[in-house]
Amino acid sequence: MRESRPAQGASAMPLPGAEARLRQAEQAENFPVALRVLPARVRTRLHAVYDVVRTIDDLGDEADGDRAAELRAFADDLGTVWSPDGTGPRAPVLRRLVPVVRDGGLPQEPFDRLIAANLQDQQVTRYRTWDELLGYCALSAEPIGRLVLAVFEVDAPPGGAVERAADQVSTALQLLEHWQDVAEDRDRGRIYLPLEDLDRFGITNTSDVAGAAVGEARHDQGDLWSASASPALRRLIAHETARAVALLDEGAAVVRTLHGWARLAVAGYVAGGRAAADALRRAEWDVLAGSPAARRRDVIRHLVPELIRSAL
Ligand SMILES: CC(C)=CCC/C(C)=C/CC/C(C)=C/COP(=O)(O)OP(=O)(O)O
C-alpha cells in the first residue's frame, strides 16, 4: 500500500520520471484506477485526475518541510486551471489536467475539498466518533467519486441518489484503506479508528493516555503499538470492516444506474473495495503486522458478479 508509493517531491515540480512514479503508485491501489479495456480518452482523463489527487495526498502525507504551505502553494497553482492567469499552472501534473477540464467540465470544488482534507490531516490526528470520521471522508473521499462521475459525464444531480451512492462507495473505499493502514497511519501520528470505538472494544493506547508524543516509539505501548494485533483490536477491525462493507453494498447500487464504461469502471472500484475487505479477513484482522494488500485475482473475482448484478 502506501509504503510502496514513492514520495512525489515537496514542490510537485518536474521530477525525473515523476509520471512513471505516479503510474507505479497507481499499481499499489486496491482498485484498478483506469482499467486497460477503457477507451484511451477515458483512461487519459482518469489518469490526469488520479495524478492530481495522488499529488495532493503525497504533499499532505510525505512532503518534506512545511506541508500546509506546500498544499496552499499547490492549491494556488491548481486554481489557475480554472482561472487562467495567462501562463497556466506551473506543475506538470496540473498542466496535464488543463485539457481535461477544458474538454469536459471538470469542477474545481472537489479538488479544493481534497486540499482541505489534507490541511486537516496536518492538524487533526484523532476522530472521536464514527460521524466525525465520516465528516473527514466527506472532504477526503467523496470528492474522488464526484470527480469520477464528472470524468464519465454522468448525470448526477446534487443531493440525488447517484451522487449519494457514489459518496458511499468512495467513503467505504477510504475506510477500508484506513483499516489496512492502521500501523502506517499510527507511525505518522494518525489514528482513524474512532476513539469511542477504541474505548468500547477495550483497546489500550497508552501513548494517548500518558500524553506522550505520538510516534515516539519508546513511550508507545498498548494494543495499537504491538507487533501484531491483540484479540480486542482484531474484533474492532472486523467490526469496522463490516461497517465499511455495508456502506459499499449500499452504494454499489450506483453501478446499476450507470451505463457503458462508467459502469465498468465503478464496478472495478467496488470490486477493489471487496478485495480489500478480503485481504483484511485473510490477515485475520491483524493490521499491525503489515498492511494487508488486496490481490488482483480477488478484484477480478468480485468484478464479474458485480457486472452481472448490474446487468440484471
Ligand atoms: C463514482 C465512484 C463511486 C468512484 C469511486 C472513487 C474512488 C476510487 C474513491 C477512492 C477513495 C479513496 C480510496 C481514498 C483513499 O484516500 P487515502 O488518502 O486514504 O489514500 P492513500 O491511503 O492511498 O493515501
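Owing to the predicted nature of the structure, the values given are computational and were not obtained by experimental measurement.

The next point concerns the packing of aromatic side chains. Within the structure shown, the criterion is met by four aromatic pairs. Measuring from centroid to centroid gives 5.7 Å for Trp 82 and Phe 111, while their planes differ by 50°, and the two rings are tilted. Highlighted residues: Trp 82 in helix H3 (residues 67-82) and Phe 111 in helix H6 (residues 109-123), separated in sequence by 29 residues. Note on Tyr 136 and Tyr 192: the rings are 5.5 Å apart at their centroids and 25° apart in plane angle, and the pair reads as stacked. Of this pair, Tyr 136 sits in helix H7 (residues 130-140) while Tyr 192 sits in the loop between helix H10 (182-187) and helix H11 (195-200); the two residues are 56 residues apart in sequence, bridging distant segments of the chain. Classification of Tyr 136 by relative accessible area gives buried; the value is 3%. Classification of Tyr 192 by relative accessible area gives buried; the value is 5%. Lying over the aromatic face of Trp 130, Arg 243 brings its terminal NZ or CZ to 3.8 Å of the ring centre.

With that out of the way, let us pick up empty space enclosed by the protein. Counting across every chain of the model gives two cavities of 30 Å³ or more. Counted as a void, the largest cavity has a volume near 750 Å³. In this structure, the largest cavity is lined by 37 residues; those nearest its centre are Phe 31, Val 53, Ser 140, Ile 144 and Glu 177. At the level of secondary structure, the elements contributing two or more residues to the lining of the largest cavity comprise helix H2 (40-62), H6, H7, helix H8 (142-151), helix H9 (161-180) and helix H15 (260-282). Among the elements that line the lining of the largest cavity, the one with the most residues is H2, at eight residues. Class assignment of the residues belonging to the lining of the largest cavity gives a composition of 22 nonpolar, six polar and nine charged. Built from parts of two domains, the lining of the largest cavity gets at least three residues from each of domain 1 (15-123) and domain 2 (126-312). Within this model, the second largest cavity holds a volume of roughly 50 Å³. What lines the second largest cavity is His 178, Trp 179, Val 182, Asp 185, Arg 186, Arg 190, Ile 191, Tyr 192, Leu 193 and Leu 224. Listing elements by their share of the lining of the second largest cavity, those giving two or more residues are H9 and H10. Per-element tally for the lining of the second largest cavity: the top contributor is H10, with three residues.

Bringing the domain arrangement of the protein chain into the picture now. Structurally, the protein chain comprises domain 1 (15-123) and domain 2 (126-312). Taking the mean C-alpha position of each, domain 1 and domain 2 sit 21 Å from one another. Domain 1 puts 32 residues into the contact, and the matching count from domain 2 is 30 residues. For the pair domain 1 and domain 2, the summed buried area comes to about 2700 Å², and 59% of that belongs to carbon and sulfur atoms. Remark: the boundary between domain 1 and domain 2 carries five salt bridges. Inspection of the region where domain 1 meets domain 2 yields nine residue pairs in polar contact (both at pLDDT 80 or more). The set of elements that each furnish at least two residues to the side of domain 1 that touches domain 2 consists of H2 and H6. Considering only residue class, the side of domain 1 that touches domain 2 consists of 18 nonpolar, six polar and eight charged.

Attention shifts here to helix H1 (residues 18-27). One turn of an α-helix holds 3.6 residues; hence residues three or four places apart share an orientation. Of all the residues in H1, the buried ones are Ala 18, Leu 22, Ala 25 and Glu 26. End-on, the buried residues of H1 take up no more than an arc of 105°, which puts them together on one face. Looking at the buried positions of H1, the neighbouring elements they touch are H2 and helix H4 (92-95).

A few words now on the packing of H15 against helix H16 (residues 296-311). For the pair H15 and H16, interaxial distance at closest approach is 8 Å and the crossing angle is 135°. One element, H15, and the other, H16, form an angle in the oblique class. Crossing angle aside, the handedness with which H15 passes H16 is right-handed. Residue-level inspection shows Arg 263, Leu 264, Ala 267, Gly 268, Val 270, Ala 271, Gly 272, Arg 274, Ala 275, Asp 278 and Arg 282 of H15 in contact with H16, the latter providing Asp 298, Val 299, Arg 301, His 302, Leu 303, Glu 306, Leu 307, Arg 309, Ser 310 and Ala 311. For the contact of H15 with H16, the class distribution of residues is nine nonpolar, four polar and eight charged.

Conventions adopted
Residues numbered from 1 in each chain as written. Predicted model: local features only at pLDDT ≥ 70, side-chain atom pairs only at ≥ 80, totals over all residues. Heavy atoms only, no water. Phe/Tyr/Trp six-rings, centres within 6.5 Å; stacked < 30°, edge-to-face > 60°. Helix = DSSP H or I, 4+ residues; strand = E, 2+ residues; numbered from the N terminus. Buried < 20%, exposed > 50% of the residue type's maximum accessible area, 1.4 Å probe, protein only. Lys NZ or Arg CZ within 6 Å of the ring centre and 35° of its normal. 1 Å grid on protein atoms, 1.4 Å probe; cavity = no way out; pocket = protein on both sides within 12 Å on 5 of 7 lines; lining within 4 Å. Points joined across faces, edges and corners; volume = space filled by probe spheres on them. Nonpolar A, V, L, I, M, F, W, Y, C, P; charged D, E, K, R; others polar. Domains from an automatic or database assignment. Contact = heavy atoms within 4.5 Å. Buried area = accessible area lost by both parts, 1.4 Å probe. Salt bridge = Lys/Arg side-chain N within 4 Å of Asp/Glu carboxyl O. Polar contact = N/O pair within 3.5 Å; in protein donor to acceptor, adjacent residues only side chain to side chain. Arc of directions from axis to C-beta. Axes fitted to C-alpha atoms, helices over the stretch in contact; angles between N-to-C directions. Parallel < 35°, antiparallel > 145°, perpendicular 65-115°, else oblique. Left-handed = near helix turned anticlockwise from the far one by under 90°.

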